[in-house]
Structures are given as structure tokens and as C-alpha cells.
Amino acid sequence: MDEGTSRIRRRVSVRKRNRPSLEILFAAPTADELKPSDDQKEEEEEEEEMAAGSPRRKAVGVPPAENNDSEEDMFGDYDSFAENSLIAQVDDLEQKYMQLPENRKHDTDLATEDLCSENIRNNQLSITTIGSFTELKTDEHTKKQSGHEDVSIKPGADLLYELPSSQVLYFENLQNSSNEFGNQSTKERDWNSSSHKTINEELPQNSIEQPQQNDEFSSKDRTSSDVNRRKSLKDHLKSAMTVNAKAQIPIFSRTKQLKETHLSEEINVAKKTIESSSDDVGPFYSLPSKVRDLYVQLKGIEKLYEWQHTCLTLNSVQERKNLIYSLPTSGGKTLVAEILMLQELLCRRKDVLMILPYVAIVQEKISGLSNFGIELGFFVEEYAGSKGRFPPIKRREKKSLYIATIEKGHGLVNSLIETGRISSLGLVVVDELHMIAEGSRGAVLEMTLAKILYTSKTTQIIGMSATLNNVGDLQEFLQAEYYTSQFRPVELKEYLKINDAIYEVDSKAENGMTFSRLLNYKYSDALKKMDPDHLVALVTEVIPNNSCLVFCPTKKNCENVAEMICKFLSKDYLKHREKEKQEIIKNLKSICSGNLCPVLKRTIPLGVAYHHSGLTSDERKLLEEAYSTGVLCLLTCTSTLAAGVNLPARRVILRAPYVAKEFLKRSQYKQMIGRAGRAGIDSAGESILILQEKDKQQALELISRPLENCYSHLVQEFTKGIQTLFLSLIGLKIATHLGDIYHFMSGTLFGVQQKILLKEKSLWEITVESLKYLTEKGLLQNDTILTEKGLTQKDSSYKSEEWFQYSFHITKLGRASFKGTIDLAYCDILYRDLQKGLEGLVLESLLHLIYLTTPYDIASQCDPDWMIYFKQFNQLSPAEQNVAALVGVSENYIGKKASGQAIKKTVDKDIVNRLYLSLVLYALLKETSIWSVSEKFNMPRGYIQSLLTAAATFSCCVLHFCEELEEFWVYKALLVELTKKLTYCVKAELIPLMEVTGVLKGRAKQLYNAGYKSLAHLANANPEVLIKTIDHLSRRQAKQIVSSAKMLLNEKAEALQEEVEELLRLPADFPPVEKA
């Protein structure tokens, strides 16, 4: 061939199909493959005769592929068996090519090289992303000698997409046959040539260099190959094409490829926009237009509120400064946070942590954002209860959105600091920031934020809340800007009801309220006695066509109010969406193993239900869904609903200004009334607070006073606060010297508020005392520098440089305590219990292990029913009673307590109570029915489920505790399985389904019985089919289940792929190879 033609480009376009380079086809077969057998020759002759009359003969018995035109010419413009066919051209070219003397010498080597090049390319390119560009360079010397032409693929060309099925399968056969051919040909090559070096560079890192062979062997093999090469390819190609014509055309989604390419391009543009100082907000606030489309499609949000646009375009946000923003409930705060999180994930390519107060809200958010993750290419990971991996999987490509409870968020941050990965966290979003002032959970949240501020200068913190007052302190602590607005999408009107009169709250009025109207409702004497607060009159003004929430002080009051209202509702309410209400009752029975609460059985037909923590999570979820769709029009509930899932109403009624026996706080009141008004449905929302005359003055102060201040609980919660903080600071080596620890404390919210919170002692004194306590408890050790003064000196004048250098290090027990996030009040007790268990661990049943993982704090609040305790104790087997004896509880003691006899011998009540709760959990694991255990122990089923969740979480903590102590190695494997049992409390076959967010026990049973038995089944399910297959499943729930399953399956697949790549990757510390 002409030397000037250095390379031929092979193009595969959408409109015109150019065939592969003939040299590639010519070079592909091996010598052995060119020798057809006698049987093959006879078959080929028969095929030639048949083909003469039917050049486009279809495959028999093979159904055509979808979207495949069966009349398509599989060989393009060529008539494969005619005089001018592709085969004929190949034959002619072969004869001309072989007549050149220089080609006879090198043709086999070059054929092998071409084949290897093609194999390398095929191995590196996946079918779904075949737009990549690969080019093989050969050195000039080889080109001149052989006239070999370099073959390259045009960028963007889809190599297999446009080829007929016969050729696709043909190239696959070439690749498969190349293994044998490659083994022969590698013996012939001189691997020191530059062309072969280029090939080696393209191979994966784990490829193995082929050994060199001597020239004598190579020359013999070449002679044999030359003879075989002269044989025609015609028979081989014709046979392959005929057989391969039966194959279906592979279907590749071209549209999907184009969409993914377009999205990738938009993300790159958005990334550049964010990195620049331009004011351009991109297609959708520096995000791809697909994000806007997803919000329209999945959430029905077509346009942002004006305040949201203003907040997103603030200079402080553009400059990635920390931000606190505050708006009334239902103002749309979460959407701003979501857009900022998506910017971080897609454009800045950093991980994001979102901290939420409750498990239910975490699961709701996981379900809501899973679709975004699937469509936009990031992971959504759940960190709640016993779920979550520490440290999280390190991903090289896709980023992760961690959605966590307060406690799990703290553990996640600790693990990232310990592994030196805290800088990978680009953004932390805290919802309900006012929770920082709520007891031990507030202390944990404060510790988490303080550690992020101290260890990572690149991590942005966004906090939001509807009930913030002393924002200045929080701004100083978080070094944040502040944005606020009084915007509400629906106007809220506040009312007070005293006797028959209703007053509107008016800040301009003299006493804070103005008369509005009198209630006009005819009450019978019986109704007046049953309903003195006129609740029936208030709710019937809005239901059944509109929704209503009635907040009650206690759980029992919720049930009583629901039943009372139903007694006086007319029978017309029964007809409103009657069939759908019957479906709810059937579904409740289904998820509760045939059981149904008698109160709900009476109230649901009238569209009324109660909602509190006494219900199981399955029941609450179903009732919430029914209320959201309007099947239920009235919920009587406790204050926890206001802080939990978003269930708005046309009218919100506060039964009394109390939560249990405590008078309402301003923040609680604002959260409850904030549920009034449904955006897009109501023009206005109403709240009515029912008052007695005795509460009138206090209530008027409630509605007029400012919100409560947020104060740090870091020191108030001693063992869960400052001590835990110091232990983790030293364990993580954030601060190990006394001076550094004191400096860290100065940067906390407590440090900001120390002048207000500290009256008797200084921050220095509290720091020193806490460290001294931890040292005495055996959790820390100090490097003795000061011998005379020690740590007992409280005089602040001793804050010298020498004092500041006083250093500490953590003990094994201390490390186990902080790794397991064990309350330091119980860490030494836990250690003793585990050590005692080693002396005689009873493994005939799970009771002993369950006892060791029953939470200490719940046990201390337990009040056993002694008759039930005694009855259940007597039903234990001898081995199980032996467990009771080992922990120190005797049958005699329980019998005396049940009979009311006096007991002289002192017994640790916490141990007795803990064993009682262990019996509850043990019965639950054996029976798996919360209803039967609830009846057996006379406990609310919601309490039992909460106990189970707490036990699963604590079991996970004890597992991490044991992992740090060698003496407890035996517990590791045992606790892994126990934690799984406590987390799901179902039969083993249902566990894979319950890993999916939003799938609880009842739903898992339904899915399993319908044939959806694995995560892969759910991930590939059609939501429309699920709706028809699974009873009482809404379209929204079906879509959430499928999207959550897809997300979880993608996470697992990615984790396995990362693990494989990590195993095959050359270690960074691999010894260097010495050059000869």
C-alpha cells in the first residue's frame, strides 16, 4: 500500500455505516481457525446453495428484537453471497496483499498486533459508553517495513451501536478466539519494540507482561503461519456471518446516553460558574436544568418564592460563608438547603451531611431525595438507629449525601476526623437548629458543630429553624451570617377560645386580642357534659371537606377526644370516602397480623384517628398517608407530631395550653400552630387555643412574649456533655494538651455564653475538674509534668505556659467508650457486666446477650408489673433462669415483690428492671408480634417498639465498644447477628426488604408474598405494577420504595466495585523494583 497513507479512520455514524477496516478483518482469525473441518465444508456448501436464492434469509425460530426492523439488510450495502460481496472483496484484497514480499514476512505479527489492539480497546470500553477514543501508535520503522496502517476510532463514534447483529457477534467471537491466538503470537513477538511498549501502557495495571522468546522459535512459527495465512478467509467469514445472522441486535438506549452526556456537560458548566466570581446563576441556581425539571416532576415546584431566590443569591452564600436562616413553619426553608446541597454534590464534588432531629424525618427525607440521587448520580445514605457505616465508604467518583440523626451525625463526623477525611465534607446542614438547647441531644449537636469548625476550615455550615431568638450567640459560635423573613405561603390567623367566645390574637390591641365571634352550635345536655370545650362544634366547621388537627396534652387524652368526637358526629360522615376508609381498616389489620386497635376500629369509619407514640411505626405511617390524601379528615395528636413529619391542616386546635403537666413554651406553641394552612390548597390557616379562665393571663403572655433563648447544655449534661467531648478530643487527637482543650472550649456555644451560664466557677476550673474526673475514672492518663500542684489547683493564676503544656492520652477503656458512644455514667458498669459475662456466658438462648445490650437509661425509668414479672419468670427454662441467677436476680425476690411482702435484703433495682425489659425483648424476638407481647406484658405497643429500637442502637454501641478491647473478642461475632435481629425483628427472609427505607414489617410481608423477595426485585419493579399487586399501596409510596431500593442497590454495587479496585490497585508502599 501507499506509504503516504499513514492511517485509515474507521467511522461509525448514525446515518451511514462504513464497514470496519478490511485489514482488521483480514488479520483476525488464527491459523487453526482457517482450517474448516469436513463437516463445516459440507454445511457451507449447502448454505451457499440456499443463499443463492435468498440473500436476506431470516433466522428461523428466533423472535425479532424490540425496535428492530426485521427487513433490515444485516450486511448493509453488501450482498454477502454475490459476486461483488464483501467476501469477494476480502478475497481479492488478500491475494494482492500477499503478493507483496515484505508483507509475507510480517503479516502474522501485524495481524496479531491488530487483534490485540482491538481486544485492548474492547476491554477498556463498556458498551453503554462507547463514545471514547482509542488510538494505537506504531513506530515508524515498523510502518515502513510492513506498510501496516494504524487504525483509530473517531471521537464520539459508537463502535457497536450501529453495527448489524452478525458483525457484533463476529467481533465478539474474534475477541474470544484471541486468547488462544494471543498465546501463540506472544511467543513470536519482540516485546522491546516501541509499538509493543505503547500497547503495554494501555493495559490495566494488573496486566502481566508476556515472556520473551528466542528468535529461532519465532522464525519456525512464522513459517507455519505464512502457509496458513495464504488460505482464503472466504469460508471462515461466510460461515461466521451465516451463523451470527441469527443473533438479535443488542438494544442500547441512545436517548439515555445523550441525556447523560447533556447532564454531564451542564454539571461541568455549573461547576465553572460556581468557581468563578460571575453573578450568572446558571440554568437553575448554578445547577443543571435537569434539577429544575426534577423538582417540577417529583415535587410540583415550578417557581421559587421571592425570599428563597434572595437567600440563594446572597453574597454570603455565594462566598460559602456559614449561614443561619429563620422563617415561620411551612415557609419553604428545606428547599433552599436542598439546592445548596445539590450545588455541593454536583458542582463542587464534595460530600454533604444533613442532620435531622428524628428517625422518622430522616427516613422521610431519604425517600424524598433518593430519586434525585438516582437521576443526578450521587448516593443518599441513611445514618439512623443502627444503620450507618463508620467510617463511611470512601468513593472516588460519586459523592454521598449523608442524612443522619443528631447522634449518628456526631459519630460520622468523629470517624471522618479520625481517618483524616473531614475535608471531604463540603457542607453540613442542620435542620431545627434550636435543638441545640434541648438537653443531652443539644449537647451532642453542639459538640459536632464545634469539632467541624475546629478541624475543617473548608466545610460550610448551614443552620435553619422556625424558632430562634438569641441568634447573636449562635452567629458568634458558628461564625455565620444571618437571614430572616416572616414569609408564609398561607396567611395564619390565631384565635383564642374562652367559654363560648372566640377572640382573634391582635398585637395592636390593648390586651393582645379582639373579639371575633360566638360559637353558634346547638348543644344537648348530654353533649355539654361530654364536650364542655365545644370541640365538636369547632371541628365540624371544617371537616370532612377540610382537614383538622387537635393537639392534646397526653396520649390517653388523644384517644378519649377522638372517641368523644365520633360519638356526636352525624351518620353522614360515614358516607364520605367510605370505601377508602374500609381499605384503611383492612390494611391496618394486614400489617398488624390481624389485630386492630378497638378505638381506631370505631373512629376511622367517621374519618377520625389518634396519633401518638403508643402506635407502632407501621400504624403511624399508614394513618399519616391516609390523612395526607384526605381519607382521614381529623387527627387527635400529641405535640410530637408538630416536630415530626409535615402534616398541615386547614385548622389547628390546641386542646389545652399544656404538654403533659407543663405549660406550653413559646417555641412549642409556634410549632403547633405552624401546621395550619396548606400551601396551594388553603387561602388561610386558622389556629384556636382553648383556654380556661385560670390560664387566661398566662396564655396572653405566651402569645405575646418572644421565643425562648437557646442556651448551651454542654456542662449541664455532665457525662453526656463536656466529659464526652474531652474524651473524644483527646481520643481523636484534636486537642491533647490542657491549653488546647481550654482553647477549644472557648470556641463552643458554651464558651460564647460562659458569662451568662457560669456563676460560681470559671471555664478554666470546669475544664480542669472534668479532666481530673476522667483521669480518676481510668478513661484518661496524664503525662506527669507537674508533681506538686497537679490538677487540683483551682486558682486561675496558675494558667501559666507550663500548665497549658500539661498533656493527656486516652486509655483503652476510654477509647472503647468514645468509639461506642457509651454514656460515661455507665461505661464502667458495662465493662464489669461484659467481663462477668465471660465467666459464664449462657448461649443456649439469646436472653443473656439481650440483657447485656438492654439500655441502662431506659431500665432506670422502668416500673415493672410484678405479677406479670413473676409469671414470666416462672415460664423460663432452667438455662434462662440461670441467666437471672448470674446477673443477680432471684425468683424469691420477684415473688415477694409480687405478693407485696417486705424485703430486707438490698437488691440493685436497675439490674432487676433491666432483666424485666430483657424478658420483653426476648419474647419479642421469639414471637416477632408486637401485639402479642404488648398483651402479655400489658405495655403500649409503641413503647415496646421504641424499646426495640433503643436496644438495637445500644447493641451497635456495645459492639463498637467490644471491638476496641481485645478481651471481649468473643462478643464481636455474636453482637453483629444480635444487632441485625433487634434492628429488624422479622424472619431472616424479610431482612433484605426491610433494608429499604420506608419498608416496615407489614409492607415487607406483603412484598415477599407477592414475589418481591430481594433488593434487586424491588429495584427493578414497576411502581404501577406494585400498586396493582400490593394492597393499599399509594402511587407515591410505590415510587419511593422503588427509588430507595435502586439507591441502596447502587450503593452496594459501587461499594463492591470500589473494593475490587482497591484489591487490584498497586499498594502505595510497594517496594520499588531495582533496575538492572
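From a predicted model like this one, the values you see are computed outputs, not experimental measurements. (Residues numbered from 1 in each chain as written. Predicted model: local features only at pLDDT ≥ 70, side-chain atom pairs only at ≥ 80, totals over all residues. Heavy atoms only, no water.)

When its secondary structure is counted, the protein chain shows 50 helices and 21 strands. Partitioning the contacts of the protein chain with sequence separation of at least 6, the portion at a separation of at least 24 is 73%. (Helix = DSSP H or I, 4+ residues; strand = E, 2+ residues; numbered from the N terminus. Contact = heavy atoms within 4.5 Å.)

Attention now goes to the sheet that holds strand β15 (residues 634-637). In a beta sheet, neighbouring strands are held together by backbone hydrogen bonds and run either parallel or antiparallel to one another. Taken in spatial order, the eight strands line up as β12-β11-β10-β19-β16-β13-β15-β14 in an open sheet, and their pairing is mixed. The open sheet terminates on both sides in strands that have one partner only, identified here as β12 (513-518) and β14 (608-611). The average undirected angle you get between the axes of adjacent strands in this sheet is 25 degrees. The pairing of β14 with β15 spans four bridges and is classified as parallel. Its bridge partner being in β15, histidine 611 is matched across the sheet by cysteine 637. (Pairing = 2+ DSSP bridges. Axes fitted to C-alpha atoms, helices over the stretch in contact; angles between N-to-C directions.)

Residue position: glutamate 619 is located in helix α25 (residues 617-628). Residue glutamate 619 is classed as buried on the basis of its relative accessible area of 1%. Each residue touching glutamate 619, except ones within four places of it in the same chain, is listed here: Leu588, Ile591, Cys592, Trp931 and Arg941. (Buried < 20%, exposed > 50% of the residue type's maximum accessible area, 1.4 Å probe, protein only.)

Right, let's talk about unusual backbone geometry for a bit. Residue proline 391 is reached from phenylalanine 390 by a cis peptide bond, and omega for that bond is -10 degrees. Here proline 391 lies in the loop between β5 (379-383) and β6 (400-404). Here the bond from isoleucine 543 into proline 544 is cis, since omega is 5 degrees, no more than 30 degrees from zero. Mapped onto the fold, proline 544 is located in the loop between α20 (535-540) and β13 (548-551). Of note in the backbone geometry, lysine 733 takes a positive phi value of approximately 60 degrees without being a glycine. For lysine 733, the position within the fold is in the loop between α29 (722-731) and α30 (738-746). Classification of lysine 733 by relative accessible area gives exposed; the value is 67%.

Within the secondary structure, threonine 310 sits in helix α12 (residues 306-312). A polar atom in the side chain of threonine 310 sits 2.9 Å from the backbone oxygen of glutamate 306. (Polar contact = N/O pair within 3.5 Å; in protein donor to acceptor, adjacent residues only side chain to side chain.)

Viewed as axis vectors pointing N to C, helix α11 (residues 289-299) and helix α15 (residues 359-376) meet at an angle of 145 degrees, and their least axial separation amounts to 11 Å. The crossing of α11 and α15 is right-handed. Counting all contacts with α11, which are made through Lys290, Val291, Leu294, Tyr295, Leu298 and Lys299, the residues of α15 involved are Gly368, Asn371, Phe372, Glu375 and Leu376. When grouped by side-chain class, the residues that make up the contact of α11 with α15 number six nonpolar, two polar and three charged. (Left-handed = near helix turned anticlockwise from the far one by under 90°. Nonpolar A, V, L, I, M, F, W, Y, C, P; charged D, E, K, R; others polar.)

Let us now look at helix α40 (residues 878-887). Here α40 has its buried residues at Ala879, Glu880, Val883, Ala884 and Val887. Taken around the axis of α40, the buried residues stretch over an arc of 155 degrees, which confines them to a single face. Facing away from the buried surface of α40 by more than 90 degrees, the exposed residues are Pro878 and Ala885. Where α40 is buried, its residues meet α36 (827-839), α37 (847-852), α39 (866-874) and α42 (909-927). (Arc of directions from axis to C-beta.)

Attention now moves to the pattern of salt bridges. Pairing is possible between side chains that carry opposite charge, provided their charged atoms lie close to one another. With the rule as written, the count across this model stands at 29 salt bridges. The partner of lysine 299 in a salt bridge is glutamate 338, with the nearest N and O atoms 3.1 Å apart. Of the two residues, lysine 299 sits in helix α11 while glutamate 338 sits in helix α14 (residues 333-347), which places them 39 residues apart along the sequence. Residue classification places glutamate 338 among the buried residues on the basis of a relative accessible area of 3%. Glutamate 407 is paired through a salt bridge with arginine 441; the nearest N and O atoms lie 2.8 Å apart. Taken together, the positions of glutamate 407 in helix α16 (residues 406-418) and arginine 441 in helix α17 (residues 439-455) put the pair 34 residues apart, joining distant regions of the chain. Under the relative-accessibility criterion, glutamate 407 is labelled partly exposed at 37%. Exposure remark for arginine 441: the relative accessible area of 22% places this residue in the partly exposed category. Members of the salt-bridge network, linked through shared partners, are Glu418, Arg815, Lys819 and Glu964. (Salt bridge = Lys/Arg side-chain N within 4 Å of Asp/Glu carboxyl O.)

This paragraph deals with helix α21 (residues 555-567). When the terminal C-alpha atoms of α21 are compared, their 19 Å separation across 13 residues agrees well with the 18 Å that a helix rising 1.5 Å per residue should span. Buried residues of α21: Asn557, Cys558, Glu559, Val561, Ala562, Met564, Ile565 and Cys566, and no others. Contact partners of the buried residues in α21: α19 (525-530), α20, β13, α24 (598-603), β14 and β15. The residue sitting at the N-terminus of α21 and contributing the capping side-chain oxygen is threonine 554; that oxygen lies 3.1 Å from the backbone nitrogen of asparagine 557. (Expected span 1.5 Å × (residues − 1).)

A few words now on the state of the cysteines. Counting across every chain of the model gives zero disulfides. Note on cysteine 957: no disulfide assigned, nearest cysteine sulfur contributed by cysteine 956 at a separation of 6.1 Å. (Disulfide = S-S within 2.5 Å.)

With that settled, the discussion passes to the sheet that holds strand β3 (residues 322-326). Ordered by their spatial adjacency, seven strands build an open sheet running β5-β6-β4-β7-β8-β3-β9, and the pairing between neighbours is parallel. In the strand order of this sheet, the two ends are held by β5 and β9 (480-484), each with one partner. When strand polarity is set aside, the average angle formed by the axes of neighbouring strands in this sheet is 15 degrees. Bridge analysis of strand β4 (residues 351-355) against β6 gives four bridges, and the strand direction is parallel. Bridge pairing in β6 places isoleucine 355 opposite alanine 404. Seen against the sheet, α14 touches β3, β4, β6, β7 (425-431) and β8 (460-465) and runs at an angle of roughly 160 degrees to β4. Strands in contact with helix α18 (residues 471-478) are β3, β8 and β9; relative to β9, the strand with the most contacts, it is inclined by about 145 degrees.

Interpretation of the predicted coordinates at a detailed level should be avoided for regions scoring low in pLDDT. Per-chain confidence: the protein chain averages 78 in pLDDT, with 72% of residues scoring 70 or above. The low-confidence segment residues 246-252 (pLDDT under 50) makes 19 contacts with residues lying over four places distant or belonging to another chain. (pLDDT = per-residue confidence, 0-100.)

Below, the discussion takes up the environment of serine 807. Tracing the sequence through the fold places serine 807 in the loop between α34 (801-804) and β21 (808-810). By relative accessible area, serine 807 is classed as buried at 10%. Along the primary structure serine 807 and glutamine 781 are separated by 26 residues, whereas in three dimensions their C-alpha atoms are 8.8 Å apart. With residues up to four places along the chain from it excluded, the contact list for serine 807 reads Thr736, His737, Gln781, Asn782 and Asp783.

Further remarks concern the packing of aromatic side chains. For the coordinates displayed, the defined rule picks out 21 aromatic pairs. For the ring pair tryptophan 307 and tyrosine 483, a centre distance of 6.2 Å and an interplane angle of 20 degrees mean the geometry is stacked. On the criterion of sequence distance, the pair formed by tryptophan 307 in helix α12 and tyrosine 483 in strand β9 is long-range, its members being 176 residues apart. The two residues tryptophan 307 and tyrosine 483 agree in class, both being buried. Relative to phenylalanine 954, the ring of tyrosine 856 lies with its centre 5.8 Å away and its plane at 90 degrees, an arrangement referred to as edge-to-face. (Phe/Tyr/Trp six-rings, centres within 6.5 Å; stacked < 30°, edge-to-face > 60°.)

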